[in-house]
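Overview (structure and organization)
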Amino acid sequence: MASTRQEIIDELKQLLEQDVVAIKDQVDHLKTRFYSIEEASEETAAEAEASAENNPLEEEFKALLAQYKAKRAEVAAAQAKEEADNLARKQAILDEMRTMVEGANADGVMANLQKMRDLVFSGRYDEAQKLGDENFLSPVGEEMSYQTAGSLKIRFAGREGEVTDYRRELDIDRAVVRTSYKVGGVEYVEEAFASFTDQLIIIRITASRPKAISCELFYETPMKDTKVSTPGGNILRLEGNGDEKGGIPGAIHYVNDTKATAKGGKLSVAGESLRVEGATELLLHISMATNFVNYKDVSGDPLARNAAYMKNASKKYDKALAAHVAAYKAQFDRVKLDLGHSYSEDRTINYRLLAFNWTEDAPLVATYFQYGRYLLISCSQPGTQPANLQGIWNQRIKAPWCGNYTTNINTEMNYWPAELTGLPELHEPLVRMIRELSVSGAATARGMYGCRGWVLHHNSDLWRCTGALDRAYCGIWPTGGAWLCQHLWDRYLYNGDAAYLAEAYPLMKGAAEFFVDFLVEDPHTGYLVVVPSDSPENRPAGRSSNIFPAITMDNQLVTDLFTNTARAAAILGQDKAFADTL
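Since this is a predicted model, take the numbers as computed values, not measurements. (Residues numbered from 1 in each chain as written. Predicted model: local features only at pLDDT ≥ 70, side-chain atom pairs only at ≥ 80, totals over all residues. Heavy atoms only, no water.)

1. Description of the side chain of Ser 344
Topologically, Ser 344 is positioned in the loop between helix H8 (317-332) and helix H9 (349-355). By relative accessible area, Ser 344 is classed as buried at 1%. Leave out the neighbours within four places in its chain, and Ser 344 touches Tyr 351, Arg 352 and Asp 361. (Helix = DSSP H or I, 4+ residues; strand = E, 2+ residues; numbered from the N terminus. Buried < 20%, exposed > 50% of the residue type's maximum accessible area, 1.4 Å probe, protein only. Contact = heavy atoms within 4.5 Å.)

2. Points about the side chain of Ser 533
Among the structural elements, Ser 533 can be located in the loop between strand S16 (528-529) and helix H16 (552-572). A distance of 2.6 Å separates a polar atom in the side chain of Ser 533 from a polar atom in the side chain of Asp 554. Those residues in contact with Ser 533, other than ones at most four positions away along the chain, are Ile 476, Trp 477, Pro 478, Thr 479, Asn 546, Ile 547, Phe 548, Ile 551 and Asp 554. (Polar contact = N/O pair within 3.5 Å; in protein donor to acceptor, adjacent residues only side chain to side chain.)

3. Re the sheet that holds strand S11 (residues 274-279)
The antiparallel open sheet is built from four strands, whose spatial order is S1-S6-S11-S10. Because the sheet does not close on itself, it has two edges, and the strands there are strand S1 (151-156) and strand S10 (266-269). Averaged over neighbouring strand pairs, the angle between their axes works out to 20° when direction is ignored. Here six bridges tie S1 to strand S6 (residues 213-220), and the two strands are oriented antiparallel to one another. Across the sheet, residue Phe 156 finds its bridge partner in S6, namely Cys 215. (Pairing = 2+ DSSP bridges. Axes fitted to C-alpha atoms, helices over the stretch in contact; angles between N-to-C directions.)

4. As for the packing of H8 against helix H10 (residues 362-379)
For the pair H8 and H10, interaxial distance at closest approach is 11 Å and the crossing angle is 125°. As judged from the angle between their axes, H8 and H10 are oblique. The interaxial crossing formed by H8 with H10 has right-handed handedness. Within the contact between the two elements, H8 uses Tyr 328, Gln 331 and Phe 332 and H10 uses Gln 370, Arg 373, Tyr 374 and Ile 377. For the contact of H8 with H10, the per-class residue count stands at four nonpolar, two polar and one charged. (Parallel < 35°, antiparallel > 145°, perpendicular 65-115°, else oblique. Left-handed = near helix turned anticlockwise from the far one by under 90°. Nonpolar A, V, L, I, M, F, W, Y, C, P; charged D, E, K, R; others polar.)

5. Structural notes on the pairing of strand S9 (residues 253-263)
Relative to S9, strand S8 (residues 235-241) runs antiparallel, the two sharing seven bridges. Across the sheet, the residue bridging to Glu 239 is Val 255, located in S9. Of the pairings in the sheet, the one linking S9 to strand S12 (residues 281-290) comprises 10 bridges and is antiparallel in character. Residue pairing for S12: Asn 256 is matched across the bridge by Met 288.

6. Examining unusual backbone geometry
In the segment running from Val 531 into Pro 532, the intervening peptide bond is cis, with an omega of 5°. Take Pro 532: it is sitting in the loop between S16 and H16. The residue Trp 401 is not glycine, and still its phi comes out positive at about 55°. Within the secondary structure, Trp 401 is located in the loop between H10 and strand S13 (405-406).

7. Points about the nonpolar core
One finds Tyr 449, Ile 476, Leu 488, Phe 514, Phe 515 and Leu 561 to be the most contacted residues of the largest nonpolar core, which totals 75 residues. In terms of residues, this core owes the most to one element, helix H15 (residues 498-518), which gives 11 residues. Ile 476 has contacts with Met 116, Gly 132, Phe 136, Leu 137, His 457, Ala 468, Arg 471, Pro 532, Ser 533, Asp 534 and Ile 547, leaving out every residue within four places of it along the chain. (Core = buried A, V, L, I, M, F, W, Y, C linked by side-chain atoms within 4.5 Å.)

8. Here we look at the pattern of salt bridges
Following the criterion strictly, the structure yields 21 salt bridges and no others. The shortest N-O distance in the salt bridge between Glu 134 and Lys 130 comes to 2.5 Å. Of the two residues, Glu 134 and Lys 130 both sit in helix H6 (residues 125-135), four residues apart, roughly one turn of that helix. Ionic pairing is found between Asp 333 and Lys 329, a salt bridge with its closest N-O pair at 3.2 Å. Among the residues examined, Asp 333 registers a relative accessible area of 29% and is labelled partly exposed. By sharing partners, the salt bridges in this structure join Glu 191, Arg 204 and Asp 318 into a single network. (Salt bridge = Lys/Arg side-chain N within 4 Å of Asp/Glu carboxyl O.)

9. With respect to the environment of Ile 202
Relative to the assigned elements, Ile 202 resides in strand S5 (residues 201-207). In this structure Ile 202 comes out as buried when scored by relative accessible area, which is 1%. For Ile 202 and Leu 321, which are 119 residues apart along the polypeptide, the C-alpha to C-alpha distance reads 8.6 Å. Sequence-distant contacts of Ile 202, defined by excluding residues within four places in its chain, comprise Glu 191, Ala 192, Phe 193, Ser 195, Leu 284, His 285, Tyr 317 and Ala 320.

10. Some words on the packing of helix H14 (residues 480-495) against H15
In helix packing, the relevant descriptors are the interaxial angle and the interaxial distance, both defined with respect to the helix axes. Relative to each other, H14 and H15 sit at 155°, their axes nearing to 10 Å. Regarding the angle of H14 to H15, the classification is roughly antiparallel. H14 and H15 meet at a crossing whose hand is left-handed. Residues Gly 481, Ala 482, Cys 485, His 487, Leu 488, Trp 489, Arg 491, Tyr 492 and Asn 495 of H14 lie in contact with H15, whose contacting residues are Ala 498, Tyr 500, Leu 501, Ala 504, Leu 507, Met 508, Ala 511 and Phe 515.

11. Quick notes on helix H7 (residues 302-310)
Looking at H7, one finds that the buried residues are Pro 302, Asn 306 and Met 310. Looking down the long axis of H7, one finds its buried residues gathered within 70° of arc, a one-sided arrangement. Contacts from the buried residues of H7 go to S9 and S12. (Arc of directions from axis to C-beta.)

12. Observations concerning the confidence of the model for the protein
Across the protein, the average pLDDT comes to 89, with 91% of residues at 70 or higher. Note that pLDDT drops below 50 for residues 100-104; the model gives that stretch 20 contacts with residues more than four away or on any other chain. (pLDDT = per-residue confidence, 0-100.)

13. Some thoughts on the environment of Asp 490
Tracing the chain through its elements places Asp 490 in helix H14. C-alpha separation for the pair Asp 490 and Glu 419, spaced 71 residues apart in sequence, amounts to 8.1 Å.

14. As for the packing of aromatic side chains
Taken as a whole and assessed by the stated rule, the structure comprises 14 aromatic pairs. Each ring, one from Tyr 328 and one from Tyr 374, has its centre 6.3 Å from the other, and the planes form 75°; the classification is edge-to-face. Of the two residues, Tyr 328 is situated in helix H8 and Tyr 374 in helix H10; the sequence distance between them amounts to 46 residues. Classification of Tyr 328 by relative accessible area gives buried; the value is 0%. Residue classification places Tyr 374 among the buried positions, given a relative accessible area of 12%. Relative to Phe 515, the ring of Phe 514 has its centre 5.0 Å away and its plane inclined at 80°; by these criteria the two rings are edge-to-face. For the residue pair Phe 514 and Phe 515, the accessibility class agrees, reading buried in each case. Three or more aromatic residues joined by ring pairs form one cluster here, namely Phe 196, Tyr 328, Phe 332, Tyr 371 and Tyr 374. We note Arg 159 situated over the ring of Phe 156; from NZ or CZ to the ring centre the distance is 3.6 Å. (Phe/Tyr/Trp six-rings, centres within 6.5 Å; stacked < 30°, edge-to-face > 60°. Lys NZ or Arg CZ within 6 Å of the ring centre and 35° of its normal.)

Okay, here's the thing in structure tokens:
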């Protein structure tokens, strides 16, 4: 008995040379083994522990356990301090970013605003644009990019031979992806959906032959300084931080957890991967969380959030699928569009897209209409971030155009279907963002132009930047707030809710106040015009500048803003004098 306990002590000594955070389960197992060794007695482990206080091996083992607990406490304290320091550092970064973003390039703009207007009104447009590049752009330079966390890879084993009967489909009536194929006489079916109700991506892989699924699960990511771990032996975890940009460190900390359940097979850890051997069915539950709370707060706990989501992984697959489909169809099924039938309907979508120009395929137009609704439902739910440029489906460190909110067309376009196609609650993330932009935009209006109200230029991001970004030819366009306010007004026209209008009206009024102060008289026409501004990413033929006075788009948007704000004031019985000014 003594030698066996001595062996356990030796094992514990070896374990204590490793990372104490990772060995908890092994230490608990050694403790159970140690106190369960009692050859000539039926004592319980607890009784054996209590009856051997003077045993030297007992004392040595207890001392090692105390050493283990002390090391764990030391590591926990160090981690807590590191987390607190990281949070303070990230909050300081946010505060610095906010000062830079909200203040924009205040000194450069205020000192050169009249000079810019003089150049524009005298027709020296190239000089005006050069002055804008030098003095009007935010010191942030560009907005922070929407980034990928990485990819979960599945490397299958034992699938030699030709793949036949391959079919991949997206069922937009149910928001479910299904892939099926045959290899070596076995049919494999992979079904996946992003659960509306459980906040999990759920994947089920089945085989027509028992124990035919063997694979390796691992992550690939272009992000730097990531960490992969396997807590519990059945979860593959990827942790990392958002990338820096323009000297601004990333403030986002993210955690991705993939939980694997192998039915009829074996699951094991293999380095930084999970290995599945001889399963008949493989279930994957994928959760993702960050420390982001709002654009002023990054104190969230992604591990706790993922743990809460993973509690839903206990549901049976069929029940989880049914709940997801029901929640999705409650929105998707509100609108049907029937444009008749076509002989092409039984063809693949690849063929129908290629053949569309020379065939009559009206049903494809209906499918495209519903596909747009599917995308908006999938990426803009109450409580989420708004639908972003290029969508949430991004595999890059820097998404095209940073994957953010281009407010000189794309953000507005994303939400044109919301009210019109029976999806009004999907407007909520955009309305919330407009409210947040009005806060940061008020600092920009005041610091950059000396105006009341709030202003938004052509681009924003998760941190609600509102200054002039990128380059003068596109960035010096202060009319983004006016365009977004059309969504506030249109939403009221659809819902007729006076309580909602009372909440939206201060945002519209703030945007209008900015232009009341910012508009300047054109000396050639006598009209009040928006200067400086540019025709978004467009210029007249033969010109090399985009900055001009009285741009048609600005005239239309500001006229709409003033008209709609005055109407809202009249409906609410408020601000008659201000409405008369408009």
